[in-house]
Amino acid sequence: MQSGPRRRFRLRYLLLLAVAAGAFVFLGRHAWREWRWRYIVIHHTASDAGNLEYYRRLHKEERGWPDIAYHFVVNNGASNTVPGQIEESNLWKERSRGFSTRNTYVNTVGIAVVMVGNLERHAPTTLQYQSLVSLLVTLAREYDIPPERIIGHRELQQTKCPGQHLDMAKLREDVARELAR
Ligand SMILES: [Zn+2]
């Protein structure tokens, strides 16, 4: 049998260890959820149809991904959405591991925002564009991301995404102006 004080010491030590382990796990989870975002990457769907559920099914069925590969969807009014309506995907809600076409890391440190529409053919509507700007301002503030780290998919990889009618320089300026208010 162990003596009282020594046993108490060991219990206290174990308790301290458990608290430290708990804090470590909590911090790790928090860091993964909130501290890894360095960029916001803008995409377009290259099609004027659909909403989050539509592209979710498309990505699962046609690409074999576990879910939609975007964090936020900015709708254009198709598929019973309101123009400019923003939908949050499971990828964002659950902060599951990033997955995307070629480079997993893009969705791991970058918040993927997609505009519904073919912006290679036409510009977004004013409502949809304003909605995009306000989402970017919110995310930029929350995650301390400067406007110069809001980038178009084509600025990262060989692609036309998010389309020639989305002027990335102007978008960064518009976000910067709102942030300065
Ligand atoms: Zn893209």
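Residues numbered from 1 in each chain as written. Predicted model: local features only at pLDDT ≥ 70, side-chain atom pairs only at ≥ 80, totals over all residues.

1. A few points about the domain arrangement of the protein
In step 1: Each domain of the protein was delimited in the assignment, giving domain 1 (1-35) and domain 2 (36-180).
In step 2: If you average the C-alpha positions of domain 1 and of domain 2, the two centres end up 41 Å apart. (Domains from an automatic or database assignment.)

2. Focus on the pairing of strand S4 (residues 110-115)
In step 1: For S4, the buried fraction is high: 6 of the 6 residues fall into the buried class.
In step 2: Of the two faces of S4, the one lined by Gly110, Ala112 and Val114 and the one lined by Ile111, Val113 and Met115 are each fully buried.
In step 3: Judged from the 6 bridges that link them, strand S1 (residues 39-44) and S4 form a sheet pairing that is parallel. In the sheet register, isoleucine 42 faces S4, and the bridge partner there is valine 113.
In step 4: Bridge count between strand S2 (residues 72-74) and S4: 3 bridges; the pairing is parallel. Bridge pairing in S4 links valine 74 to methionine 115. (Buried ≥ 20, exposed ≤ 12 C-beta atoms within 10 Å, placed from the backbone. Helix = DSSP H or I, 4+ residues; strand = E, 2+ residues; numbered from the N terminus. Pairing = 2+ DSSP bridges.)

3. Concerning the nonpolar core
Where a protein is soluble and globular, its nonpolar side chains tend to be buried together.
In step 1: Among the nonpolar cores identified, the biggest contains 28 residues, and Ile40, Tyr70, Val73, Val74, Val113 and Val114 are the most heavily contacted of them.
In step 2: Secondary-structure elements contributing two or more residues to this core are S1, helix H2 (52-63), S2, S4, helix H5 (126-143) and helix H6 (168-180).
In step 3: Take this core: its biggest share by element is 5 residues, from S4.
In step 4: Apart from residues no more than four positions distant in its own chain, valine 73 is found in contact with Asn51, Leu52, Tyr55, Glu87, Ser89, Val114 and Val116. (Core = buried A, V, L, I, M, F, W, Y, C linked by C-beta atoms within 7 Å. Contact = placed C-beta atoms within 7 Å.)

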